[in-house]
Amino acid sequence: MKLVEPPSCGRAASIIVFIGRNGRGNWIAREQNGLFGGLFVNRAQALKYALFENGHRPETIIEVSREIELDISSANLRTFVAPRAA
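Worth saying up front: this structure is predicted, and the values here are computed from it rather than measured.

Participant: Give me the nonpolar core: which residues, what numbers.
Facilitator: Ranked by size, the top nonpolar core spans eleven residues in total: I15, V17, I19, W27, A29, F36, F40, A46, Y49, A50 and I61. Secondary structure elements with two or more residues in this core: β1 (17-21), β2 (27-31), β3 (36-40) and α1 (43-53). Looking at this core element by element, the count peaks at three residues for α1. With residues near it in sequence (within four places) discarded, A46 still touches I19, W27, I28, A29 and F40.

Printed below as a string of structure tokens:
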């Protein structure tokens, strides 16, 4: 019999992603510890990215009402910048 780790015990279960707007009105998705993040033109794309990065766990995504910024100075940050619509 093969043992399988429950989904709640995996790496993605502990990933909290914040989404919100920055000072310029762009949408940001950022992992709580700054491990990854991205800049997006709309909420839907920020949410889609956050779900992809956290293993499709909407319960670990927090939409913030205050401004948040994407800090790309961290050496550990994996960034994603959405392409502009033509």
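Participant: Before we move on, could you go through unusual backbone geometry and cite the residues and values that matter?
Facilitator: Backbone geometry places H56, a non-glycine residue, at a positive phi of 60 degrees. Within the secondary structure layout, H56 lies in the loop between α1 and β4 (61-63).

Participant: An account of the side chain of N22 is needed here, citing residue identities and associated values.
Facilitator: Among the secondary structure elements, N22 is positioned in the loop between β1 and β2. Accessibility expressed as a relative area gives 10% for N22, which makes it buried. Within the structure, N22 has its side chain in polar contact with the backbone nitrogen of R24 (distance 3.0 Å). Not counting the four nearest positions on each side in its chain, N22 is found in contact with I28, L39, E67, I68 and E69.

Participant: So what about the packing of aromatic side chains? Which residues, and what values?
Facilitator: Tallying each qualifying case throughout the model produces two aromatic pairs. With a centroid separation of 6.1 Å and 80 degrees between ring planes, the pair formed by F36 and Y49 is classed as edge-to-face. Note that F36 is positioned in strand β3 and Y49 in helix α1, a separation of 13 residues in sequence. For the pair F36 and Y49, one class covers both residues: buried. On the numbers, 5.2 Å between centres and 40 degrees between planes, the contact of F40 with Y49 is tilted. For the pair shown, F40 and Y49 are each scored as buried. Among the aromatic residues, ring-to-ring pairing joins F36, F40 and Y49 into one connected group.

About the thresholds
Residues numbered from 1 in each chain as written. Predicted model: local features only at pLDDT ≥ 70, side-chain atom pairs only at ≥ 80, totals over all residues. Heavy atoms only, no water. Core = buried A, V, L, I, M, F, W, Y, C linked by side-chain atoms within 4.5 Å. Buried < 20%, exposed > 50% of the residue type's maximum accessible area, 1.4 Å probe, protein only. Helix = DSSP H or I, 4+ residues; strand = E, 2+ residues; numbered from the N terminus. Contact = heavy atoms within 4.5 Å. Polar contact = N/O pair within 3.5 Å; in protein donor to acceptor, adjacent residues only side chain to side chain. Phe/Tyr/Trp six-rings, centres within 6.5 Å; stacked < 30°, edge-to-face > 60°.

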